[in-house]
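A closer look at the structure
If you want the building blocks of each chain, they are given just below.
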Amino acid sequence: MLAVAHWCWRQPFMAKPRTLWELSRMPAPEALAMPVAGVRAAQVADTFGAARGSDRTHAGVDIFAPRGTPVASATRGIVSSVREGGLGGRQVWVLGPARQRHYYAHLDDWASGLAEGDVLAAGSVIGHVGDTGNARGTPPHLHYGVYGSGGAIDPLPLLQAGDGKQQAPRAR
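Analysis parameters
- Positions within a chain are numbered from 1, following the residues in the order the chain's sequence is written.
- Restriction of local features to residues with pLDDT of at least 70 applies here, the model being predicted, together with a cutoff of 80 or more for giving and counting side-chain atom pairs; totals for whole chains, interfaces and linings are based on all residues.
- Water and hydrogen atoms were dropped before computing side-chain values, which therefore reflect all heavy atoms in the structure.
- By convention a nonpolar core is built from buried Ala, Val, Leu, Ile, Met, Phe, Trp, Tyr and Cys residues, the set being connected through side-chain atoms within 4.5 Å.
- Only protein chains enter the accessibility calculation, which uses a 1.4 Å probe; a residue whose area is less than 20% of its type maximum is buried, one above 50% is exposed, and one in between is partly exposed.
- Going along the chain from the N terminus, every DSSP run of H or I of four or more residues is numbered as a helix, and every run of E of two or more is numbered as a strand.
- The contact rule is simple, with two residues in contact once any of their heavy atoms fall within 4.5 Å.
- Basic side-chain nitrogens of Lys or Arg form a salt bridge, by our definition, when they fall within 4 Å of a carboxyl oxygen of Asp or Glu.
- Paired strands, in this sense, are two strands between which DSSP finds at least two bridges.
- Between N-to-C directions, angles span 0 to 180 degrees; the directions come from axes that are lines fitted to C-alpha atoms, helices contributing only their stretch in contact.

1. Topic: the nonpolar core
Nonpolar side chains in soluble globular proteins generally cluster together in the buried interior. Counting 28 residues, the largest nonpolar core has Ile63, Tyr104 and Tyr144 as the members making the most contacts within it. Of all elements in the fold, only β1 (61-64), β4 (89-95), β8 (125-129), β9 (141-148) and α3 (156-161) reach the threshold of two or more residues within this core. In this structure, Tyr144 is in contact with Leu32, Pro35, Gly60, Val61, Ile63, Ala74, His102, Tyr103, Tyr104, Pro155 and Leu159, ignoring residues within four places of it in sequence. Formed by five residues, the second largest nonpolar core is a distinct cluster that contains Ala59, Trp93, Ala105 and Tyr147.

Written as structure tokens, this is what we have:
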């Protein structure tokens, strides 16, 4: 019975449960790869916590780049949502290490075939920089946010710690 369970656990059909289990046991990352191709952390303004109207604050950072620039997952993870609507427009949510949620918003489009439940390696392309949602008419950018059990986490220090470790975008 143990041998059968071990065999099953290693099969491709168990990739999602296996990845969920592994991600839940991993510590929160101390550094993140830049999700936008060709951008360095030093080019990103620290706008985390800045006022956004009278009722909310900025719960991430905006990473400006030309429209259509590839956006890659900053971590290994599982796509938990691919949707369009609200402030973020076209957006992707990725469940990463320590069950942190990574939010990629204002995308021009999603990577072809991207779907909820996809297992991603860090550097997997998930979409392209745009200006959807409440960013319509602004310079194209990615709004990138990280959320832990206590709420929003400033991603800029993590991107700065990972600067120079940008992964070349790759297919899923």
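The discussion continues.
2. Comments concerning the pattern of salt bridges
One pass over the full model with this rule turns up five salt bridges. Through salt bridges with shared partners, one network takes in Arg67, Asp108, Asp131 and Arg136.

3. A look at the environment of Asp131
For Asp131, the location among the structural elements is in the loop between β8 and β9. Note on Asp131: relative accessible area 6%, which makes it buried. As for Asp131 and Asp109, which are separated by 22 residues in sequence, their C-alpha atoms are 9.9 Å apart.

4. Structural notes on the sheet that holds β8
Pairing in this open sheet of three strands is antiparallel, and the strands run β2-β8-β6 from one edge to the other. On the outer flanks of this sheet lie β2 (70-72) and β6 (107-110), each paired with one strand and no other. Taken pair by pair, the neighbouring strands of this sheet meet at an average axis angle of 35°, ignoring direction. As paired strands, β2 and β8 are joined by three bridges and run antiparallel to one another. Across the sheet, the residue bridging to Val71 is Gly127, located in β8.

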